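Each chain, written out:
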Amino acid sequence: MSDSSFVRTEMLKSEAPPTMEGSVLGWIRNNLFSGPWNSLLTIVFGLLIVYVLAEMLPWVFLSSWTATSLRECREIIPLTYGEGTTGACWAVIRERYLQLFYGFYPRELYWRVNLTFVLMLVALAPILFPNLPRQLLYFSGVYPFLGYWLLWGGTIWTPTLTLAGLIVGYLLFNFLSEKRGLLIGVIVGTLLIIFWFLFGVIPITVFLSENVTPLAIEIVESEQFGGFTLSVIIGATGIAASLPIGILLALGRKSDLLIVKSLCVGFIEFIRGVPLITLLFVASTLLNYFLPPGTNFDIILRVVIMVTLFASAYMAEVIRGGLAALPKGQYEAGDALGLDYWKSMRLIVLPQALKISIPGIVSTFIGLFKDTTLVSIIGLLDPIGLSKAIRSDTAWNGIVWELYAFVAAVFFIFCFAMSRYSIYLEKKLETGHR
Amino acid sequence: MEEKVLEKKANSEQDSQPAVAITNMNKWFGKFHVLRDINLTVNNGERIVICGPSGSGKSTLIRCINRLEEHQSGSIIVEGTELSSDLKNIDLIRSEVGMCFQHFNLFPHLSVMENCTLAPIWVRKVPRHEAEKTAMHFLEKVKIPEQAYKYPGQLSGGQQQRVAIARSLCMRPRIMLFDEPTSALDPEMIKEVLDTMIELAEDGMTMLCVTHEMGFARQVANRVIFMDEGQIVESNEPEEFFNNPQSNRTKLFLSQILGH
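Residues numbered from 1 in each chain as written. Chains lettered and ligands numbered in written order. Predicted model: local features only at pLDDT ≥ 70, side-chain atom pairs only at ≥ 80, totals over all residues. Heavy atoms only, no water.

Peer 1: Looking at this model, I keep getting lost on the overall build of chain B. Mind explaining?
Peer 2: For chain B, the count of helices and strands is 10 helices and 10 strands. Counting every position in chain B, which comprises 260 residues, the buried fraction comes to 53%. Pairs at least 24 residues apart make up 66% of the contacts formed inside chain B by residues separated by at least 6 positions. With an accessible surface of roughly 12,100 Å², chain B has 48% of that area assigned to carbon and sulfur atoms. (Helix = DSSP H or I, 4+ residues; strand = E, 2+ residues; numbered from the N terminus. Buried < 20%, exposed > 50% of the residue type's maximum accessible area, 1.4 Å probe, protein only. Contact = heavy atoms within 4.5 Å. Areas by Shrake-Rupley, 256 points an atom, 1.4 Å probe, with all protein chains shown as cover.)

Peer 1: Can you help me understand the interface of chain B and chain A in this one?
Peer 2: Frequently, the measure chosen for interface size is the accessible area removed from exposure when the parts meet. Opposite the 23 residues of chain B that make contact, chain A presents 21 residues. Approximately 2,000 Å² of surface area, both sides summed, lies buried where chain B meets chain A, with 64% of it carried by carbon and sulfur atoms. For the chain B face of the interface with chain A, the top three residues by lost area are B:Pro108, B:His109 and B:Trp122, together amounting to 29%. Run the count over chain B and chain A and you get 1 salt bridge. Measuring nitrogen to oxygen at the nearest pair gives 2.6 Å for the salt bridge that ties B:Arg63 to A:Glu332. Our enumeration of links across chain B and chain A arrives at 6 residue pairs in polar contact (both at pLDDT 80 or more). (Buried area = accessible area lost by both parts, 1.4 Å probe. Salt bridge = Lys/Arg side-chain N within 4 Å of Asp/Glu carboxyl O. Polar contact = N/O pair within 3.5 Å; in protein donor to acceptor, adjacent residues only side chain to side chain.)

Peer 1: Looking at this model, I keep getting lost on the domain arrangement of chain A. Mind explaining?
Peer 2: Residue and element names in this part refer to chain A. Domains assigned within chain A are domain 1 (23-92) and domain 2 (99-105 + 223-434). For domain 1 and domain 2, the distance between their C-alpha centroids amounts to 35 Å. Interface area, domain 1 with domain 2, both sides summed: about 770 Å², of which 78% is carbon and sulfur. On the domain 1 side of the contact with domain 2, Trp59, Leu70 and Val92 bury the most area, a combined 61% of that side's loss. Linking domain 1 with domain 2 are 2 residue pairs in polar contact (both at pLDDT 80 or more), by the criterion used here. Residue classes in the side of domain 1 that touches domain 2 are distributed as 8 nonpolar, 3 polar and no charged. (Domains from an automatic or database assignment. Nonpolar A, V, L, I, M, F, W, Y, C, P; charged D, E, K, R; others polar.)

Peer 1: Whenever I open this one, the nonpolar core confuses me. Can you help?
Peer 2: As a rule of thumb, soluble globular proteins bury nonpolar side chains together. The biggest cluster of nonpolar side chains holds 85 residues, and the ones touching the most others in it are A:Tyr105, A:Phe225, A:Leu280, A:Val303, A:Leu323 and A:Trp396. With 13 residues, the single largest contributor to this core is helix α12 (residues 299-325) of chain A. Among the nonpolar cores identified, the runner-up in size contains 45 residues, and B:Cys51, B:Val112, B:Ala148 and B:Ala164 belong to it. (Core = buried A, V, L, I, M, F, W, Y, C linked by side-chain atoms within 4.5 Å.)

Peer 1: Please explain the packing of helix α11 (residues 276-290) of chain A against α12(A) as it appears in this structure.
Peer 2: Pairs of packed helices are described in terms of their axes, by the angle between the two and the distance that separates them. Residues and elements named next belong to chain A. At a minimum axis distance of 9 Å, the contact between α11 and α12 shows a crossing angle of 145°. Regarding α11 and α12, the two cross each other, and that crossing is right-handed. Listed contacts from α12 to Leu276, Leu279, Leu280, Val282, Ala283, Ser284, Leu287 and Asn288 of α11 are Ile299, Arg302, Val303, Met306, Val307 and Phe310. For the contact of α11 with α12, the per-class residue count stands at 11 nonpolar, 2 polar and 1 charged. (Axes fitted to C-alpha atoms, helices over the stretch in contact; angles between N-to-C directions. Left-handed = near helix turned anticlockwise from the far one by under 90°.)

Peer 1: When you look at the side chain of A:Ser222 in this model, what are you seeing that I'm missing?
Peer 2: All names here are of chain A. Tracing the sequence through the fold places serine 222 in the loop between β2 (216-217) and α9 (227-253). Side chain to side chain, serine 222 and tryptophan 152 meet in a polar contact 3.0 Å long. Filtering out sequence-adjacent residues up to four positions away, serine 222 remains in contact with Trp152, Asp298, Ile299 and Ile300.

Peer 1: For this particular structure, what's the right way to read the sheet that holds strand β4 (residues 73-78) of chain B?
Peer 2: Reading across from one edge, β2-β1-β4-β5 (chain B) is the order of the 4 strands in this open sheet, with antiparallel pairing throughout. Of all the strands in the sheet, the pair left with one neighbour each is β2 (32-42) and β5 (81-82) of chain B. (Pairing = 2+ DSSP bridges.)

Peer 1: Honestly, the pattern of salt bridges in this entry has me stumped. Any pointers?
Peer 2: Opposite charge on two side chains makes pairing possible when the charged atoms of those side chains draw close. Summed over the entire model, instances satisfying the criterion amount to 19 salt bridges over all chains. Via salt bridges that share partners, A:Arg253, A:Glu269, A:Arg272, A:Glu317 and A:Arg320 belong to a single interconnected network.

Peer 1: How should I be thinking about the sheet that holds strand β10 (residues 231-236) of chain B in this particular structure?
Peer 2: What links the strands of a sheet is backbone hydrogen bonding, and the strands pair in either a parallel or an antiparallel sense. All names here are of chain B. The 6 strands lie next to each other as β6-β7-β8-β3-β9-β10, forming an open sheet whose pairing is mixed. Taken across any chain shown, the strands that pair with only one partner, and hence form the sheet edges, are β6 (97-100) and β10. Mean inter-strand twist for the sheet, computed between neighbouring axes without regard to direction, equals 20°. Two strands pair when backbone bridges link them, and strand β3 (residues 47-51) and strand β8 (residues 206-210) are joined in this way by 4 bridges, in the parallel orientation.

Peer 1: Before we go on, may I ask you to explain the pairing of β8(B) in this structure?
Peer 2: Residues and elements named next belong to chain B. In terms of residue burial, β8 counts as a mostly covered element, since 5 of its 5 residues are buried. The alternating pattern of β8 places Thr206, Leu208 and Val210 and Met207 and Cys209 on opposite faces, both of which are buried. Note that strand β7 (residues 175-179) and β8 share 5 bridges and pair parallel. Paired with isoleucine 175 across the bridge in β8 is threonine 206. Between β7 and its parallel partner β8, the chain crosses via helix α7 (residues 187-202), and the hand of that crossover is right-handed. (Right-handed = clockwise from strand over helix to strand, strands pointing away.)

Peer 1: For this particular structure, what's the right way to read α11(A)?
Peer 2: Since there are 3.6 residues in each turn of an α-helix, residues three or four apart along the chain are aligned in direction. Residues and elements named next belong to chain A. Over its 15 residues, α11 extends 20 Å from the first C-alpha to the last, a length consistent with the 21 Å expected when each residue adds 1.5 Å. The largest bend in α11 amounts to roughly 45° and is located at alanine 283. Every buried residue of α11 is listed here: Leu276, Leu279, Leu280, Ala283, Ser284 and Leu287. On its buried side, α11 packs onto α10 (258-272), α12 and α14 (341-371). (Expected span 1.5 Å × (residues − 1). Bend = angle between axes of the 7 residues up to and from the residue.)

Peer 1: Could you clarify how one ought to interpret the pairing of β3(B) in this entry?
Peer 2: Residue and element names in this part refer to chain B. With 4 of 5 residues buried, β3 is to be regarded as a mostly interior element. By the bridge criterion, 4 bridges tie β3 to strand β9 (residues 223-228) in an arrangement that is parallel. Within β9, the residue paired with isoleucine 48 across the bridge is arginine 223.

Peer 1: Even after reading the chapter, I still don't get the state of the cysteines, so can you show me in this structure?
Peer 2: Cysteine pairs can be linked by a disulfide, which is a covalent bond between their two sulfur atoms. For the structure shown, the criterion picks out 1 disulfide over all chains. Each disulfide pairs two cysteine sulfurs, and for A:Cys73 the partner residue is A:Cys89, the sulfurs being separated by 1.8 Å. Between A:Cys73 and A:Cys89, the disulfide has an S-S torsion of 70° and is therefore right-handed. Here A:Cys73 is found in helix α3 (residues 70-81), whereas its partner A:Cys89 is found in the loop between α3 and α4 (91-102), with 16 residues between them in sequence. Of the two residues examined, A:Cys73 and A:Cys89, each falls in the buried class. Free cysteine B:Cys64: the closest other cysteine sulfur is in B:Cys209, separated by 17 Å. (Disulfide = S-S within 2.5 Å.)

Peer 1: Help me understand the packing of aromatic side chains in this model?
Peer 2: The relation between two aromatic rings is expressed through the spacing of the ring centres and the mutual angle of the planes. Residue and element names in this part refer to chain A. One pass over the full model with this rule turns up 23 aromatic pairs over all chains. Seen in terms of ring centroids, phenylalanine 228 and phenylalanine 406 are 6.5 Å apart; in terms of plane orientation they differ by 75°. Their pairing is edge-to-face. With phenylalanine 228 in helix α9 and phenylalanine 406 in helix α16 (residues 401-429), this residue pair connects regions lying 178 residues apart in the sequence. Accessibility expressed as a relative area gives 3% for phenylalanine 228, which makes it buried. Seen in terms of ring centroids, phenylalanine 369 and phenylalanine 411 are 5.1 Å apart; in terms of plane orientation they differ by 50°. Their pairing is tilted. Of the two residues, phenylalanine 369 is situated in helix α14 and phenylalanine 411 in helix α16; the sequence distance between them amounts to 42 residues. With respect to class, phenylalanine 369 is no different from phenylalanine 411; both count as buried. An aromatic cluster is present here, built from Phe101, Phe228, Phe369, Phe406, Phe411 and Phe414 joined pairwise through their rings. (Phe/Tyr/Trp six-rings, centres within 6.5 Å; stacked < 30°, edge-to-face > 60°.)

The following block contains the structure:
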């Protein structure tokens, strides 16, 4: 029998791993102390963390919640915790948290903001979690109009008629694109909706309010909006609108139709080449010069439009990355089965491209939500704008950390939630591909 | 009554006309003349194997038949419909012509069942339960009904290619195109895919296969076509083609692929 000859007579069974694997001790050794260099890093960073916490925690906890001014805080804290202690003055948050959340929204109407927020969660649920009953999506469709009515008040006819116009326009588009082709459907549907907005909604609203019943709740002016309410309104609307617009722009940029492609490329490159602040200034001041005198174009609406356009340009590029990452074979397989362009995009290309782009899409969402604080520069009272206002109050003049830490903490909760959701979604959509 | 007669007439016309008729077809990729003066008629029920060295244009040729590639001159008539830039005609032909790719191109985000029912539901407007029944029928035919609710990423290469065949069959195509269906497979899996294709051939499907599996060509093809430099060099019955090749280029090619 030569050395190179070997025949296995019995196949080996799989065995349990050595005991170190999977135990806590094993984990610590593998991940924290796997070698001299790693052990050193673990110790150095451990000490660093301890040092930072030791400096920070006393400031956070040896604090005052009861004072009525910064001066009082500075007197109370050394008295309670001993000479030389400098703790946080959380009293400012206790006194002003309602303002930070609701801005100058009338106090007796806070319930409307709360209700809108809760309903937003209900409307989001079926979109975020596909295993909930699909009928809930109808509520998600109605929600923007309901939310608008609850927040701004006034007669219910305006949002209802707007929604009705959109539904009729969509049905007409559906009918015509089946019978006469997509292009005619889009043109007629859009024209009908524009015509309805320009000449239908307001006169009919006035007529119905005067002759039937106003069905109105108290009006709240845009100037009274502020705080996190404003951030969430701008952020959520921007997020909801920028995703579909971004998808269309990305598809347009990859289109073979020269005019569509040029328009999309031009739009994306222009918006990406301009700072958001510039767009916001255009929205707040310049736009008035272009509009006919006397038009009352709501400032929040203007800001939302600008933020949405800005985010959709970035969204388009993120999604284009996803589209480019799909193998050409996926497009070809769709074509070979006889699916037309829109069906192939909707059923095959976009589900995969969007899945690839989830991290980028959520980054853009988070970026957009944080960018809403920029509206403080054009004078809207979002949490940052309010912080400035609070600091100019004589009682709280000089307070910095406490306010910004609070604003940061609330923003962190929102952004972290979005981030975790994106990880959940990525795991859920994993199908063993690659 | 009259309608039925007309229908019958249309059917018999369809039987007599060739499945694919290509005349004087040329195609360029930029300045590169990739297909040169192709003339090819495929009758209903015919099984054609196309072989040739890489870059000879054989894949491009069958991809022209369902317009994955556009030809620039000449005509291609598939089941009586001429391929032109008319999108309606293209979608019509694509739903009549099934295609299997070298890399399967299954949709990884859909289960095997959804892969098979997608086109019938959205293109043919077949009700879902009916589409699922058809899908199960064809999955049984390719011998993997038990994988119906898995995702493509969980299957082996051979299983994926068989799903791809079933997916095409669910559209009840009149012609099947195969673009090197076994080239990306491990040796052990080639046989299971070829067996499926042989079974399909026995059922009388019109097939055009680009493949280097010469055993398959001998066993099922009515005709073997050899291509080189974008043109059809030789076309013959398999026995003649393999035992008595005429052109020198064919002889060289055969000696190289059968020589070892």
